[in-house]
Amino acid sequence: MSNDRKGLKKGLTHYGDAGFSLFLRKAFIKGAGYTDDALDRPVVAITDTGSAYNPCHGNMPQLLEAVERGVMLAGGLPMRFPTISVHESFSAPTSMLMRNLMSMDTEEMLRAQPMDAVVLIGGCDKTVPAQLMGAASAGVPAIQLITGSMLTGSHRGERVGACTDCRRYWGRFRAEEIDAEEIAAVNHQLVASVGTCSVMGTASTMACAAEALGMTVPGGASPPAVTADRMRIAEQTGAQAVALARSGLTIDRILTPAAFENALRVLLAIGGSTNGLIHLTAIAGRLGIDIDLDALDRLGRETPVLLDLKPSGQHYMEDFHAAGGMATLLRELRPLLHLDALTVSGRTLGEEIDRAGPGFAQDVVRPRTDPIYPQGGLAVLRGNLAPGGAIIKQSAADTALMEHEGRAVVFEDAEDLAARIDRDDLDVRADDVLVLKRIGPKGAPGMPEAGYIPIPKKLARAGVKDMLRISDGRMSGTAFGTIVLHVTPEAAVGGPLAQVRTGDRIRLSVRERCLSLLVTDEELARRAQEHPVVAPVAERGYRKLFLQSVTQADQGLDFDFLRATTTVGKAPGG
Ligand code: FES
């Protein structure tokens, strides 16, 4: 049995003698030296996601100290506890496989432990969405603290940062434009400090989305990890968490359809990562809010890209912060936003924009009259190759390839790609369409960021920088190119992509939002009968759960049993 009292009396399991259970609980916590006065205060739990495997969270000790200071200054009791931490480079086979596990860990520990509010500290790509998914399901008053971006480095006088420049320099190395010694020197400079990737990758995208959702204190998205500004945000977050604990403002009152529309608007205006769409879909799904892809595409047509950050533009996150951060962007987007959406401060988004004061001269956030790209970063594609939709990050694509028809060169899976892509006898031309199958939610599994198919080495050596590439996978938010992603349904569950063969013609029209396989329905049905698709299974453990339960990209790759059972609205346009 549990009761719903406050602080450490919350969630008390007892078997007929609640007094004894509380007596025991207090006895145990007093072993850590707490006084009764401390234990009577509002309890603010803090997720400690520090890990030696996660340099994007490498400032965790300082952040924890600052949050705890904020909690105590506001009269609360901070209680830090660990959860899983997931980093992009240390989560084989792919971090996306682990996101739902982290969300379950977060959700269940928020339910299990007594707390009046929680500070979620996340930063690297999958951590913020996992925490928001978990907190949305747990329903505890919650506030997000972002770890912050890394600093940029310098290579032979050129500013560099992870990971758009990682790809650019590696592309030059593959094309034999730079040698092994230089690529090793670049490797020292790409990640100049702890913190998250310094461009508008998924981590920065989710930081901006979290602020747009109203889940951070104002200005919480942009301060770099190692700055005093970041520590001040952490202290403010701690203090605000105590206010949340006292007011009981729950997450479902903040994460409304209007808040998700604001976040999607921001996603488009920052040229955000395609992964941001998947994560927002998953978070919204926990609250019974459906993301409408066609409405999102309409939103995109009226939302220009304003933020001049790599990979769509030229600057880095620290420049965005110096330019005023999200306040500057939100001020510019003001007429397009739901200003009455509530935030963790207890004020509305509109009130927070007003409180941020007037703007100043800067060149990182463009005015709507002079955008980086006239439409939103993402376009939603439909057609017989992607009946459930696909997306392209048009702001990072080559305009010359956005209306294109070409011959498919097909790779059956990631292993086939690795075995053949760099062979000199690969039959491929620059105007072909590279197709990679079975890297979707179940195919790989975990929908890895393998959609950034490398340019075949022999073409790269000849100077080819971009080709039309199509897959059911994802791509890093730091990547660029004419790359169609999230083809739904995926090949591994029998989507039309499974039936594409080398030599077929494929047509992409971003203008018409169309992705077509120029093969008749009869022929596709014949192929499907000849080569039926067998969905992957696993024998045991988490992978078995994942393959049984993961949804497709249009439902955010959440587990079907974790999504809300009733629909309460949709976004955009809810
Ligand atoms: Fe952590 Fe890029 S690897 S944010």
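Let me begin by describing the structure that accompanies this report.

Each value, and the rule that gives it
- Residues numbered from 1 in each chain as written.
- Predicted model: local features only at pLDDT ≥ 70, side-chain atom pairs only at ≥ 80, totals over all residues.
- Heavy atoms only, no water.
- Helix = DSSP H or I, 4+ residues; strand = E, 2+ residues; numbered from the N terminus.
- Buried < 20%, exposed > 50% of the residue type's maximum accessible area, 1.4 Å probe, protein only.
- Pairing = 2+ DSSP bridges.
- Axes fitted to C-alpha atoms, helices over the stretch in contact; angles between N-to-C directions.
- 1 Å grid on protein atoms, 1.4 Å probe; cavity = no way out; pocket = protein on both sides within 12 Å on 5 of 7 lines; lining within 4 Å.
- Points joined across faces, edges and corners; volume = space filled by probe spheres on them.
- Nonpolar A, V, L, I, M, F, W, Y, C, P; charged D, E, K, R; others polar.
- Core = buried A, V, L, I, M, F, W, Y, C linked by side-chain atoms within 4.5 Å.
- Contact = heavy atoms within 4.5 Å.
- Polar contact = N/O pair within 3.5 Å; in protein donor to acceptor, adjacent residues only side chain to side chain.
- Patch = residues over 30% accessible without salt bridge, like charges linked within 9 Å, V, L, I, M, F, W, Y side chains within 5 Å.
- Areas by Shrake-Rupley, 256 points an atom, 1.4 Å probe, with all protein chains shown as cover.
- Salt bridge = Lys/Arg side-chain N within 4 Å of Asp/Glu carboxyl O.
- Parallel < 35°, antiparallel > 145°, perpendicular 65-115°, else oblique.
- Left-handed = near helix turned anticlockwise from the far one by under 90°.
- Phe/Tyr/Trp six-rings, centres within 6.5 Å; stacked < 30°, edge-to-face > 60°.
- Lys NZ or Arg CZ within 6 Å of the ring centre and 35° of its normal.

**Remarks on the environment of Leu378**
Then, number 1: Residue placement: Leu378 occurs in strand β8 (residues 378–381).
Then, number 2: Its relative accessible area of 3% is what places Leu378 among the buried residues.

**Describing the sheet that holds strand β11 (residues 433–436)**
Then, number 1: Reading across from one edge, β8-β9-β13-β12-β11-β10-β14-β15 is the order of the 8 strands in this open sheet, with mixed pairing throughout. In this open sheet, the two strands that pair with only one neighbour each are β8 and β15 (514–517). Pairs of neighbouring strands in the sheet enclose a mean axial angle of 25°, with direction left out of account.
Then, number 2: In this sheet, β15 lies alongside strand β14 (residues 505–509) in antiparallel orientation, the contact comprising 4 bridges. Bridge assignment links Ser509 to a residue of β15, and that residue is Cys514.

**Concerning the layout of surface pockets**
Then, number 1: Roughly 410 Å³ of internal volume is contained in the second largest pocket.
Then, number 2: Lining the second largest pocket are 25 residues, and of these Glu211, Pro218, Gly219, Ala327 and Ala356 sit closest to its centre.
Then, number 3: Contributions of two or more residues to the lining of the second largest pocket are made by α9 (228–247), α14 (326–333) and α15 (349–355).
Then, number 4: Taken together, the residues of the lining of the second largest pocket break down into 10 nonpolar, 9 polar and 6 charged.

**Considering the nonpolar core**
Then, number 1: Counting residues in hydrophobic clusters, the biggest one holds 102 residues, and the most contacted among them are Phe260 and Phe320.
Then, number 2: For this core, the leading source of residues is helix α10 (residues 257–269), giving 8 residues.
Then, number 3: Discounting residues that sit within four places of it in the chain, Phe320 has contacts with Cys208, Ser222, Leu307, Leu309, Gly325, Met326, Leu329, Val364 and Val365.

**Structural notes on the pairing of β15**
Then, number 1: Residues Cys514 and Ser516 line one face of β15 and the alternating positions Leu515 and Leu517 line the opposite face, and both faces are buried.
Then, number 2: As consecutive antiparallel partners, β14 and β15 are separated by 4 residues, and within that stretch Arg513 has a phi angle of approximately 55°, a positive value.

**Some words on the side chain of Arg513**
Then, number 1: Inspection of the secondary structure assignment puts Arg513 in the loop between β14 and β15.
Then, number 2: Side-chain polar atoms of Arg513 contact the backbone oxygen of Val510, separated by 2.8 Å.
Then, number 3: With residues near it in sequence (within four places) discarded, Arg513 still touches Asp297, Arg301, Gln375, Ala379, Val380, Leu381, Arg382 and Gln394.

**Concerning the environment of Arg505**
Then, number 1: Note that Arg505 resides in strand β14.
Then, number 2: Between the C-alpha atoms of Arg505 and Val519, which are 14 residues apart in sequence, the distance is 7.5 Å.
Then, number 3: Setting aside its immediate chain neighbours within four residues, Arg505 contacts Glu405, Gly406, Arg407, Ser516, Leu517 and Leu518.
Then, number 4: Only 3.2 Å separates the side chain of Arg505 from the side chain of Glu405, close enough to count as a polar contact.

**Let's talk about a nonpolar patch on the surface**
Then, number 1: Together, Phe20, Phe23, Leu24 and Phe28 line one region of the surface with nonpolar side chains, adding up to about 470 Å² of accessible area.
Then, number 2: Along the polypeptide, Phe28 turns up in helix α1 (residues 18–30).
Then, number 3: Owing to a relative accessible area of 67%, Phe28 belongs among the exposed residues under this scheme.

**Brief notes about the packing of helix α4 (residues 95–112) against helix α5 (residues 127–138)**
Then, number 1: Where α4 meets α5, the closest approach of the two axes is 7 Å, and the angle between their N-to-C directions is 40°. With respect to each other, α4 and α5 are oriented oblique. Like other packed secondary-structure pairs, α4 and α5 cross with a definite hand, here right-handed. Where α4 abuts α5, its residues Arg99, Asn100, Met102, Ser103, Thr106, Glu107, Leu110 and Arg111 lie against Thr127, Pro129, Ala130, Gln131, Met133, Gly134, Ala135, Ser137 and Ala138.
Then, number 2: Tallied by class, the residues present in the contact of α4 with α5 amount to 7 nonpolar, 7 polar and 3 charged.

**Focus on the packing of aromatic side chains**
Then, number 1: Applying the stated rule across the entire model yields 8 aromatic pairs.
Then, number 2: Measuring from centroid to centroid gives 5.6 Å for Phe546 and Phe559, while their planes differ by 80°, and the two rings are edge-to-face. A residue pair is termed long-range when its members are at least 10 positions apart, and Phe546 in helix α19 (residues 541–549) and Phe559 in the loop between α19 and β16 (569–571) qualify at 13 residues. Taken as a pair, Phe546 and Phe559 share a single burial class, namely buried.
Then, number 3: Taken together, the aromatic side chains of Tyr542, Phe546, Phe559 and Phe561 make up a single cluster linked through ring pairs.
Then, number 4: In this structure, Arg167 packs its charged tip against the face of Tyr452, placed 5.4 Å from the ring centre.

**Let's talk about the environment of Ser247**
Then, number 1: Positionally, Ser247 belongs in helix α9.
Then, number 2: Through-space distance from the C-alpha of Ser247 to that of Leu381 is 44 Å; in sequence the pair is 134 residues apart.
Then, number 3: At a separation of 3.3 Å, a polar atom in the side chain of Ser247 contacts the main-chain amide nitrogen of Leu249.

**As for the sheet that holds strand β4 (residues 142–146)**
Where strands meet in a sheet, backbone hydrogen bonds hold them as pairs that are either parallel or antiparallel.
Then, number 1: Judged by pairing direction, the sheet is parallel, and its 4 strands sit side by side in the order β2-β1-β3-β4 without closing on themselves. Bordering the open sheet on either side are β2 (77–82) and β4, each of which pairs with just one other strand. Along the sheet, successive strands turn relative to each other by an average axial angle of 25°, direction set aside.
Then, number 2: Here 5 bridges tie strand β3 (residues 117–122) to β4, and the two strands are oriented parallel to one another. From the neighbouring strand, Val119 faces β4, where its bridge partner is Ile143.
Then, number 3: The sheet contacts of α9 involve β1 (43–48), β3 and β4, and relative to β4 the element is tilted by about 175°.

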